[in-house]
Amino acid sequence: MVAENLRELMPEFASDRSFLSALVVCSGASLVALRWLKQRNIHWKTEEAKKKREIGLQEMQRAVQRFKKENPKVDPGTILSMSMVDLADSLQRGSLSPEIVLYTYMGKALELHKEVNCITDFIQECEFQLQELKQQKEKGPLYGIPFSIKNSLPCKGYDSSCGLLQFQDVLDQEDCVLIQVLKKQGGIPFVKTNIPQGLFNYDCRNPVNGQTVNPLNHKKTPGGSSGGEGAIIRGGGSIIGLGSDMGGSVRFPSSFCGLCALNPTVCRLSVSGMSIPIDGQPAVPTAIGPMAKDVDSLALFMRSVLCDDMFLLDPTVPPLPFKEEVYSSSEPLRIGYFDNMSCFPAIPSMRRAVNEAKKLLEEAGHTLVAFSPPELEGGASEMFCKLAFADGGLTFANKFKGNIIDPHQSETVSTLKMPVLLKKMMAFFLKPWSPRISRSLKTLAMSRTVKTLWESQKQQQDYKQEFIAEWKKLELDVLLCPMLGPAFNIGYPGRLFALVCYTVIFNILNFPAGVVPVGVVTEEDEKQLKNYGSGYNDKWDRLTKKAVEGGVGLPLSVQCVALPWQEELCLRFMKEVETLTAAKKKR
């Protein structure tokens, strides 16, 4: 073929076989050389990105050492053991200085990073911000509170690369709106944290920054995509952090690491400037949410940032200040609950967590009402794929061009890149043995037209109205439901996307949803896991068992859900679950 093309281009040499043969050989060698150079360039960029991170961490280490040398009597244990509410109070009263708090958390974060690999950047400007805080006459409600931030949230002078090489040298020109608001309220962003490559995974690993592990068990993932946040907060290196959530990305790490988190209604908090995994896709938008060790910390955060500063900086955010009377209420609640979804049966320990929380709430005087989520054809994860991957996933898959694709992301990327005809063929042949996997492939192979997208969006709208109608029919205040957990063994989240149905359903609905830990995995849970099955007896059943095995002692959580724009009620419900769980432990 090459020789024929060359004959057409250079007819005067058409009879010179040796010349043509030489050109063919040279052309082939050139292609090999180009591929080699491309690979070398990718590896070089990867190594440069790693060096840049190490330089930042070294600067962070030097700053901590300087502080320790100048302040040898500071007791970090006392500061690190304080709740965020107590810490904020001490900073407001002046019994603690912002310097002591910041450098204490910087030291702990570095110590933890060596163990779990959670930091991507040291935000050096935090030291300058300390000096600015001293000059301010009024103290904001978050005065002196150090924050960690997910890598994808823009911070001036740093990249939001999400583990993708093409964005490593693209430095953000300004802070995203929410970080600007945090600073105005006195908060100090000091590190950015690790994520899975491209964000679309609930593991936490990429070729630049490597694997982040769960502080509770290094064989387990901390979750994702806000996995670095889960690890650093659980390990004590940060008192509160910011993540983003398109399908469960603040809730998975919080469940896997035993934290509290709130995924608010989209646009209750500004998302202006944020990096997202799938550009130009409005049907299932991404929200930013806080993560912390307790619910009061989340409430303090929401109370502080729902302010005029945010409403002025981002006019798309509705000017709804925090409703303190709702969060502080002690009126009994009417709570709907369910412990399983037919599209992907819950792991036994997940169901137990819901039912034990239900019992505690009933004993406390709340009314619990069985709620059956309206049936959604194919399940929530399939609906999500129709909306987010309306182009067959090409927009997302194309982000990986020119990158080393992380092994934990390769199955997703290769499936999305697969030709439509091949997806259809595989869906057809797999149907008798793996109907769920077949259906998933069929969804990704559906026709990519405006008409099919509108049909999917209409299905989404109809489902939301049906869900709300059932909610109102039962006169519910809030909803109690399962949260995926316990923490998965490393490498499994990328192979079990369908299990996101327990979280993504509330992204599709755009309902605020929070996570609260309620217990731990027991030996009995581990025994029950052996009998787990969906009735399909397929690959996903086997992978699910392997994903969560060895989880004795790891946290179990539940989800607390409210209707749109009712974040205060959601937090109030979360606080009730947290309080009752703590009382049970004392008993």
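Structure shown above.
These numbers were taken from a predicted model, which means no experiment stands behind them. (Residues numbered from 1 in each chain as written. Predicted model: local features only at pLDDT ≥ 70, side-chain atom pairs only at ≥ 80, totals over all residues. Heavy atoms only, no water.)

Tell me about the packing of helix 13 (residues 348–363) against helix 23 (residues 567–586), residues and numbers included.
The interhelical angle for the contact between helix 13 and helix 23, taken along N-to-C directions, is 90°, at an axis separation of 10 Å. In terms of orientation, helix 13 and helix 23 fall into the roughly perpendicular class. Of helix 23, the residues touching helix 13 (which contributes E356, L360 and L361) are F573, E576, V577, L580, T581 and K584. When its residues are assigned to classes, the contact of helix 13 with helix 23 shows five nonpolar, one polar and three charged. (Axes fitted to C-alpha atoms, helices over the stretch in contact; angles between N-to-C directions. Helix = DSSP H or I, 4+ residues; strand = E, 2+ residues; numbered from the N terminus. Parallel < 35°, antiparallel > 145°, perpendicular 65-115°, else oblique. Contact = heavy atoms within 4.5 Å. Nonpolar A, V, L, I, M, F, W, Y, C, P; charged D, E, K, R; others polar.)

So what's going on with the pattern of salt bridges? Residues and values would help.
Here the structure, examined in full by the defined rule, presents 29 salt bridges. Here E324 and R303 are joined by a salt bridge, their closest N and O atoms 2.6 Å apart. With E324 in helix 12 (residues 324–327) and R303 in helix 10 (residues 295–305), this residue pair connects regions lying 21 residues apart in the sequence. In this structure E324 comes out as partly exposed when scored by relative accessible area, which is 30%. According to the relative accessible area criterion, R303 is partly exposed, its value standing at 32%. Sharing partners across several salt bridges, the network here consists of R268, K323, E567 and E568. (Salt bridge = Lys/Arg side-chain N within 4 Å of Asp/Glu carboxyl O. Buried < 20%, exposed > 50% of the residue type's maximum accessible area, 1.4 Å probe, protein only.)

Describe the pairing of strand 11 (residues 478–482), with residues and values.
Of all five residues in strand 11, five are buried; the element is thus mostly enclosed. In terms of strand pairing, strand 9 (residues 334–337) meets strand 11 through three bridges, oriented parallel. Bridge pairing in strand 11 places I335 opposite V478. Both strand 11 and strand 13 (residues 555–561) contribute to a ladder of four bridges, which runs antiparallel. (Pairing = 2+ DSSP bridges.)

Please provide a residue-by-residue account of the sheet that holds strand 11, values included.
Spatial ordering of the open sheet is given by 1-3-2-6-8-7-12-13-11-9-10, a layout of 11 strands whose pairing is mixed. Looking at the sheet topology across the chains shown, the edges are occupied by strand 1 (119–122) and strand 10 (367–370). Each adjacent strand pair in this sheet contributes to an overall mean axis angle of 30°, direction not counted. Inspection of the sheet shows strand 2 (residues 146–150) paired to strand 3 (residues 188–193) by five bridges, in the parallel sense. When the sheet's bridge partners are listed, K150 is paired in strand 3 with T193.

Describe helix 10, naming the residues involved and giving the relevant values.
Judged by how many residues are buried, helix 10 sits mostly within the fold: nine of 11 residues are covered. Along helix 10, the residues classified as buried are V295, S297, L298, A299, L300, F301, M302, S304 and V305. At the N-terminal boundary of helix 10, the capping side chain belongs to D294, with an oxygen 3.3 Å from the backbone nitrogen of D296. (Polar contact = N/O pair within 3.5 Å; in protein donor to acceptor, adjacent residues only side chain to side chain.)

Kindly report on the packing of aromatic side chains, identifying the contributing residues and their values.
Within the structure shown, the criterion is met by 21 aromatic pairs. Consider the rings of F200 and F384, whose centres lie 5.8 Å apart with planes at 20°: the pair is stacked. With F200 in the loop between strand 3 and strand 4 (205–206) and F384 in helix 14 (residues 380–388), this residue pair connects regions lying 184 residues apart in the sequence. You'll find F200 and F384 in the same group, each marked buried. Aromatic side chains W471 and F511 sit 5.9 Å apart centroid to centroid with 90° between the ring planes, which places their arrangement in the edge-to-face category. Here W471, found in helix 19 (residues 450–473), pairs with F511, found in the loop between helix 20 (501–509) and strand 12 (513–520); they are 40 residues apart in sequence, far enough to count as distant. (Phe/Tyr/Trp six-rings, centres within 6.5 Å; stacked < 30°, edge-to-face > 60°.)

I'd like a rundown of the nonpolar core, residues and numbers included.
Formed by 102 residues in total, the largest nonpolar core has its most connected members in M60, L87, M106 and F301. It is helix 5 (residues 98–116) that provides the largest number of residues to this core, a total of nine residues. Residues contacting M60, with those up to four places away along its chain left out, are M106, A109, L110, I119, F122, F190 and V191. Counting 70 residues, the second-largest nonpolar core is a separate cluster that includes Y202, F371, F389 and W540. (Core = buried A, V, L, I, M, F, W, Y, C linked by side-chain atoms within 4.5 Å.)

Give a detailed account of helix 13, specifying residues and quantitative values.
Taking 1.5 Å of rise per residue, the 16 residues of helix 13 would be expected to cover 22 Å, and the 23 Å separating its terminal C-alpha atoms lies within 8% of that figure. Within helix 13 the residues assigned to the buried category are S349, M350, A353, V354, A357, K358, L360 and L361. Backbone geometry just after helix 13 places G365 at a positive phi near 100°. (Expected span 1.5 Å × (residues − 1).)

Tell me about unusual backbone geometry, and name the residues and values.
In this chain, G224 is followed by S225 through a cis amide linkage whose omega measures 5°. As for its placement among the helices and strands, S225 is situated in the loop between strand 5 (210–211) and helix 8 (227–234). For the peptide bond that leads from G485 to P486, omega is 5°, which places it in the cis range. With respect to the helices and strands, P486 occurs in the loop between strand 11 and helix 20. Although it is not a glycine, N510 sits at a positive phi angle of roughly 60°. By the element assignment, N510 lies in the loop between helix 20 and strand 12.

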